[in-house]
Structures are given as C-alpha cells and as structure tokens.
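# Residue-level structure breakdown
One-letter residues, chain by chain:
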Amino acid sequence: MDISCSNNQTRIEGANASSYTTTQDDIGCLIMVEAQGDDTDFYGLVRIMTVEPVQ
C-alpha cells in the first residue's frame, strides 16, 4: 500500500503497511491510498482519495 499527500503526490516513507496513522506533517493534505493486487486473490489496482484534508 502506498499513501501519498496529493498536494504534490509525495510518497510517505514508511507508509506501506495495511494501516497508517496520520501525523502533523499530513495536516492540510489529502491522502491517497493505492493498493495493488497480488494477481492471486486480487487483480488490478485501486486508488482511494480522501474528500477532506487531514485536520
């Protein structure tokens, strides 16, 4: 899973687990989650973006 701040699509280091807790650095950013399947149980790519910036 890759999580990015959509202001400049910067990858957040260490945010590659099944969960992520936002930090002070994320305030004001929209968060996009990207998950890619393993081609066994899930095929393809999914991207989800928050509707509101982190507060």
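Up top you'll find the structure we're talking about.
Overview of the structure.

### Examining the overall build of the protein chain
Broken down by element type, the protein chain carries zero helices and four strands. Secondary structure elements of the protein chain occur, N-terminal to C-terminal, as β-β-β-β. Out of the 55 residues in the protein chain, the part that is buried amounts to 22%. Long-range pairs, those at least 24 residues apart, make up 33% of the contacts in the protein chain with a sequence separation of at least 6. With an accessible surface of roughly 4,200 Å², the protein chain has 48% of that area assigned to carbon and sulfur atoms.

### Observations concerning a nonpolar patch on the surface
Side chains of F42, V46 and I48 sit close together on the surface and give an oily, nonpolar patch of about 250 Å² of accessible area. Tracing the backbone through its elements, the reader meets I48 in strand β4 (residues 45-49). Residue classification places I48 among the exposed residues on the basis of a relative accessible area of 53%.

### Some thoughts on the pattern of salt bridges
Tallying each qualifying case throughout the model produces one salt bridge. The partner of E34 in a salt bridge is R47, with the nearest N and O atoms 2.6 Å apart. One end of the pair, E34, is in strand β3 (residues 31-36); the other, R47, is in strand β4, and 13 residues separate them in sequence. A residue is classified by how much of its surface remains accessible, and E34, at 21% relative accessible area, is partly exposed. Under the relative-accessibility criterion, R47 is labelled exposed at 53%.

### Here we look at unusual backbone geometry
Residue D39 is not a glycine yet carries a positive backbone phi of 60 degrees. Locating D39 in the fold gives a position in the loop between β3 and β4.

Criteria and cut-off values
Residues numbered from 1 in each chain as written. Predicted model: local features only at pLDDT ≥ 70, side-chain atom pairs only at ≥ 80, totals over all residues. Heavy atoms only, no water. Helix = DSSP H or I, 4+ residues; strand = E, 2+ residues; numbered from the N terminus. Buried < 20%, exposed > 50% of the residue type's maximum accessible area, 1.4 Å probe, protein only. Contact = heavy atoms within 4.5 Å. Areas by Shrake-Rupley, 256 points an atom, 1.4 Å probe, with all protein chains shown as cover. Patch = residues over 30% accessible without salt bridge, like charges linked within 9 Å, V, L, I, M, F, W, Y side chains within 5 Å. Salt bridge = Lys/Arg side-chain N within 4 Å of Asp/Glu carboxyl O.

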